[in-house]
Amino acid sequence: DLHNINGHSRDHLQELWYSHRFEIQKKISLILKAGIIDPTAFIDDNAYADNEIEQFMNEVFVNNPVANLPSYDGGVAVEFEWDKFHLRLVGMQSKNENGRMDVRKYNWVGAQVGYKLDTSLGEGNYRIYAYTTNKRFENWDADAYETLKGFGLSLDQQLIKDTLGAFFRAGWQDDSAKIDYNRMFSIGLNINGSLWKRKDDEAGIGYAYLKTPSKAELKHSQVFEAYIKFKLFSYKSLSSDITFDYQYIHDKALDSENTLTSNIYGVRLNFNF
């Protein structure tokens, strides 16, 4: 995945950008970023399901798959922050590997509005976003090109302050173009290790349902994942943790004979400097 990123002759280098923050007034700021960027830093972020290194391993719990976020390509991002409110705009150009050579490049534009809510339960973040591309994606009959467009939600809320949190995602995209999924939702919990008197430990549980277009070979997919992460040690600037992970994946095909079920067990060892 780190060779010829997005069809470019670029290996390993994922991001290269310049960012500047303008302080307009107290609690009001404007942030500009340009270069090779990752739009997931601005769109569809989530406190409990946003990092495949520290949280869930399955990509459906990292970012919404129907948002089609074109990470690690050229673009510009603008973020306006006003106290607990934010407005983010991202514009990028990427490549469509399925298209003809003369229409491989496409433009992607997304916007997100979010609000941070503090209550007696703890902190909550509520976001809604939408995106669109230009007409550069193959349709189901392969004789024309279509636009990808859709919208989604990404919510996280503490239920017991610093101990228990929950997340919810949902998304929809138009299925005029040939796509894998057109609707999805995911829900889950984050449990802090303070419940067993180890505040640096963490556990997570998530479930996702993905619906396919009527012309697709699959009917729907379901994913369940659970993980528990233990802090091994922390010494000065060096720390380490280990995660034990389980995934259950069920792909329901239109033909029941081709329905697939997978059980995946994983171990992840992290060293942080």
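Residues numbered from 1 in each chain as written. Predicted model: local features only at pLDDT ≥ 70, side-chain atom pairs only at ≥ 80, totals over all residues. Heavy atoms only, no water.

(A) Spotlight on the overall build of the chain. From N to C terminus, the chain includes zero helices and 15 strands. Computed over C-alpha atoms, the radius of gyration of the chain comes to 20 Å, within 12% of the 19 Å expected from 2.2 N^0.38 for 273 residues, which places it in the range of a compact globule. Projecting the C-alpha coordinates of the chain onto the three principal axes gives extents of approximately 60 × 55 × 40 Å. Expressed as a percentage of the 273 residues in the chain, the buried residues total 43%. Nonlocal contacts in the chain, meaning residues at least 24 apart in sequence, comprise 53% of its contacts between residues at least 6 apart. (Helix = DSSP H or I, 4+ residues; strand = E, 2+ residues; numbered from the N terminus. Rg over C-alpha atoms; globule rule 2.2 N^0.38 Å. Buried < 20%, exposed > 50% of the residue type's maximum accessible area, 1.4 Å probe, protein only. Contact = heavy atoms within 4.5 Å.)

(B) Geometry of the packing of aromatic side chains. What the rule picks out here adds up to eleven aromatic pairs. For the pair Phe230 and Phe244, a centre-to-centre distance of 6.4 Å together with 65 degrees between the ring planes defines the contact as edge-to-face. Of this pair, Phe230 sits in strand S13 (residues 218–235) while Phe244 sits in strand S14 (residues 238–253), and the two are 14 residues apart along the sequence. On the basis of relative accessible area, Phe230 is assigned to the partly exposed category, the value being 28%. (Phe/Tyr/Trp six-rings, centres within 6.5 Å; stacked < 30°, edge-to-face > 60°.)

(C) Spotlight on the side chain of Asp241. Mapped onto the elements of the fold, Asp241 is located in strand S14. Of the buried charged residues, Asp241 lacks a salt bridge, with Lys229 as the closest side chain of opposite charge at 4.9 Å. Aside from chain neighbours lying at most four places away, what touches Asp241 is Glu54, Lys229, Phe230, Lys231, Leu232, Arg268, Leu269, Asn270 and Asn272. (Lys, Arg positive; Asp, Glu negative; His and termini not counted. Salt bridge = Lys/Arg side-chain N within 4 Å of Asp/Glu carboxyl O.)

(D) Geometry of the environment of Asp83. Relative to the helices and strands, Asp83 resides in the loop between strand S3 (73–82) and strand S4 (85–95). Sequence spacing of Asp83 and Asp118 is 35 residues, and the spatial spacing of their C-alpha atoms is 12 Å.

(E) Spatial organisation of the pattern of salt bridges. Tallied over the entire structure, the rule returns eleven salt bridges. Arg88 serves as the salt-bridge partner of Glu79, at 3.0 Å between the closest nitrogen and oxygen. This pair shows no difference in class: Glu79 is buried, exactly as Arg88 is. The salt bridge partner of Arg127 is Asp156, with a shortest N-O separation of 2.8 Å. With Arg127 in strand S6 (residues 123–133) and Asp156 in strand S9 (residues 149–160), this residue pair connects regions lying 29 residues apart in the sequence.

(F) Quick look at the nonpolar core. The biggest cluster of nonpolar side chains holds 16 residues, and the ones touching the most others in it are Ile43, Val90, Trp108 and Leu148. Mapped by element, the contributors of at least two residues to this core are S4, strand S5 (105–118) and S6. Setting aside its immediate chain neighbours within four residues, Ile43 contacts Asn63, Leu69, Val90, Trp108, Gly110, Ala111, Gln112 and Tyr129. In this structure, Ala49, Phe56, Ala208 and Tyr227 belong to the second largest nonpolar core, which totals 14 residues. (Core = buried A, V, L, I, M, F, W, Y, C linked by side-chain atoms within 4.5 Å.)

(G) Representation of the pairing of strand S1 (residues 16–25) within the structure. Relative to strand S2 (residues 28–37), S1 runs antiparallel, the two sharing nine bridges. Bridge pairing in S2 links Ser19 to Lys33. Remark: two residues form the turn of the hairpin made by S1 and S2, two consecutive strands paired antiparallel; Lys27 in that turn has positive phi of roughly 70 degrees. (Pairing = 2+ DSSP bridges.)

(H) Up close: a nonpolar patch on the surface. A cluster of nonpolar residues, Leu232, Phe233, Tyr235, Leu269, Phe271 and Phe273, forms a patch on the protein surface that exposes about 730 Å² of accessible area. Put simply, the parts of the chain that give the nonpolar patch at least two residues each are S13 and strand S15 (260–272). In terms of residue count, the dominant contributor to the nonpolar patch is S13 (three residues). Take Phe273: it is sitting in the segment after S15. (Patch = residues over 30% accessible without salt bridge, like charges linked within 9 Å, V, L, I, M, F, W, Y side chains within 5 Å. Areas by Shrake-Rupley, 256 points an atom, 1.4 Å probe, with all protein chains shown as cover.)

Purely geometric numbers; function is a separate question.
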